[in-house]
Amino acid sequence: MNLSHIERDFITNIKEKIRKAQYEALTAVNTRLISLYWEIGKSIAERQSESWGKSIVPTLSKELQAEFPGTGGFSTTNIWYMVQFYTDYQSNTNLQPLVGEIGWSKHIVILSKCKNSQERQFYILSAKKFGWTKNVLIHQIENKTFEKYLLNQTNFDQVLPETLSRQAMLAIKDSYTFDFLNLANEHSENELEVELVKNIRKFLLEMGSDYTFVGNQYRIQVNDRDYWVDLLLYHRKLQCLIAIDLKIGEFEPEHKGKLEFYLAVLNDKVKLPHENESIGIIICKNKDRTIVEYSLKNGTLPIGVSTYNTTNLLPNKFKQLLPSPEEIAERLTDFYK
């Protein structure tokens, strides 16, 4: 059937309304379910404070499953999660307002894998904001995404406007996990780049939300001489180009100068008028954090220095470098924006 432009637009509009109604219905169901589980957890917790024994939970589970056959969610384990859900969140002013933001299965993942309240807040906000599925959420937690965001080394607060620098700092990780790459322990920068491009979907997932791929070995010209940016991405929220320079060894101060040159050319010849200044990321195998700090100290263009690895282990020494609880809380407020 040949439809006119007006008829096609009309049908498209109806489809969008249906999708919106379906989403709102699912959201409403999730909100009611979370509210129910909260109330069940609250009731049990209050009874336990009155010296009720733990035996009430398996008894309740058996009664509910008999009363509501075919309705999932009333196993003994799940009811204990309801109790933990209420007791852990009810007195926490940061977590309590977030209880309805994500589905129950994601809450269970966070409850079971994250013990720190700020870490839980980060993953609830991230799952909501970035639309993570349950499996993606598990992957992000196992890859220590919370710690990697907090440890990042950039000069963004010095060279970018405050509103942009805060968002940019959340878009860069201190370390990236490329455990999906088929690389030998000894590999070249070209091999690293080729494997990242071959696994572009997983690469962008590890980079974070709002990144899109522009190209690899992106050519820029100055006075008839060609230069090549290893990877060029675009960040939709920051509205800027992201130039990535790959290094398979230790970070060296001269790496910063090369990337600054790329950024200057991109800003002059590639950046569109409505876009923000380009940002650079040096991704290297290793870095001395003190050398990075001195290298970025007097920079004028926004650059971050990150490392990459092929496992999801975060060195224990990095945990000692995490910001104070006050600084973490300040960064987390940006997830609301």
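Residues numbered from 1 in each chain as written. Predicted model: local features only at pLDDT ≥ 70, side-chain atom pairs only at ≥ 80, totals over all residues. Heavy atoms only, no water.

Per an unreviewed UniProt entry, the chain goes by PDDEXK nuclease domain-containing protein and derives from Dyadobacter pollutisoli.

**Focus: a negative patch on the surface**
Just so we agree on the cut-off: Candidates for patches are residues over 30% relative accessible area with no salt bridge; among them, like charges are joined within 9 Å and nonpolar side chains (Val, Leu, Ile, Met, Phe, Trp, Tyr) within 5 Å. Residue exposure ignores everything except the shown protein chains as possible cover, and the areas themselves are Shrake-Rupley values with a 1.4 Å probe. Salt bridge, as used here: a side-chain nitrogen of Lys or Arg that lies within 4 Å of a carboxyl oxygen of Asp or Glu. Under the convention used here, Asp and Glu are negative, Lys and Arg are positive, and both His and the chain ends fall outside the count. For charged residues, the charge sits on one atom: NZ in Lys, CZ in Arg, CG in Asp, CD in Glu. Going along the chain from the N terminus, every DSSP run of H or I of four or more residues is numbered as a helix, and every run of E of two or more is numbered as a strand. Here's how the labels work: a residue is buried when its accessible area is under 20% of the maximum for its type, exposed when over 50%, partly exposed in between, all with a 1.4 Å probe on protein chains only.
Residues Glu-250, Glu-252, Glu-254 and Asp-288 make up a contiguous surface patch of negative charge. Secondary-structure assignment places Glu-252 in the loop between β5 (240-246) and α12 (253-270). When its relative accessible area of 35% is taken as the criterion, Glu-252 is described as partly exposed.

**Points about the environment of Tyr-149**
Structurally, Tyr-149 is set in helix α7 (residues 145-150). Sequence spacing of Tyr-149 and Lys-173 is 24 residues, and the spatial spacing of their C-alpha atoms is 4.6 Å.

**Description of the environment of Gly-73**
Within the secondary structure, Gly-73 sits in the loop between α2 (56-67) and α3 (76-89). With a relative accessible area of 23%, Gly-73 lands in the partly exposed category. Once the C-alpha coordinates of Gly-73 and Trp-104 are considered, the two residues, 31 residues apart in sequence, prove to be 9.6 Å apart.

**Quick look at the nonpolar core**
When a protein is soluble and globular, its nonpolar side chains tend to lie buried together. Short version of the rule: Definition used in this section: a nonpolar core is a set of buried Ala, Val, Leu, Ile, Met, Phe, Trp, Tyr and Cys residues joined via side-chain atoms within 4.5 Å. The contact definition used throughout considers only heavy atoms, calling two residues in contact when any of these lie within 4.5 Å.
Ranked by size, the top nonpolar core spans 40 residues in total, and within it Phe-85, Tyr-89, Ile-110 and Tyr-123 carry the most contacts. Elements that contribute at least two residues to this core include exactly α1 (5-48), α2, α3, α4 (104-113), α5 (117-130), α6 (134-142), α7 and α15 (325-332). Ignoring anything within four residues of it in the chain, the contact list for Phe-85 reads Ile-34, Trp-38, Val-99, Trp-104, His-107 and Leu-111.

**Focus: the pattern of salt bridges**
Applying the stated criterion to the full structure yields 11 salt bridges. A salt bridge links Glu-260 to Lys-256, with the shortest nitrogen-to-oxygen separation between them at 3.1 Å. With Glu-260 and Lys-256 both in helix α12 and 4 residues apart, this pair spans about one turn of that helix. According to the relative accessible area criterion, Glu-260 is buried, its value standing at 17%.

**As for the pairing of strand β7 (residues 303-309)**
Definition in use: Here, a strand pair is defined by DSSP locating no fewer than two bridges between the strands. By the criterion used throughout, a crossover qualifies as right-handed when its path from the first strand across the helix to the second strand runs clockwise, the strands pointing away from the viewer.
Burial of β7 is extensive: 7 of the 7 residues sit out of reach of the surface. Pairing of strand β1 (residues 153-154) with β7, which is carried by 2 bridges, proceeds in the antiparallel orientation. Counterpart to Thr-154 in the pairing with β7 is Gly-304. Relative to β7, strand β2 (residues 175-177) runs parallel, the two being bridged by 3 bridges. Paired with Thr-177 across the bridge in β7 is Asn-309. As defined by bridge partners, strand β6 (residues 279-284) adjoins β7 across 5 bridges and the pair is classed as parallel. Note that in β7 the partner of Cys-284 across the bridge is Thr-307. Assessed by its sense of winding, the connection that carries the chain from β6 through helix α13 (residues 289-297) to β7 is right-handed.

**As for α6**
Considered for burial, the residues of α6 that qualify are Val-136, Leu-137, Ile-138, Gln-140 and Ile-141. For α6, the elements touching its buried residues are α4, α5, α7 and α11 (200-207). Directly beyond the C-terminal end of α6, a positive phi value near 60° is found at Lys-144.

**Thoughts on the pairing of β5**
Burial analysis of β5 places 7 of its 7 residues in the buried class, which makes it a mostly covered element. When strand β4 (residues 225-235) meets β5, the two strands line up antiparallel, connected through 5 bridges. What sits directly across from Leu-231, in β5, is Ile-244. Hairpin connection, β4 to β5: the antiparallel pair is bridged by 4 residues, and Gln-239 has positive phi, about 55°. In this sheet, β6 lies alongside β5 in parallel orientation, the contact comprising 5 bridges. Across the sheet, residue Asp-245 finds its bridge partner in β6, namely Ile-282.

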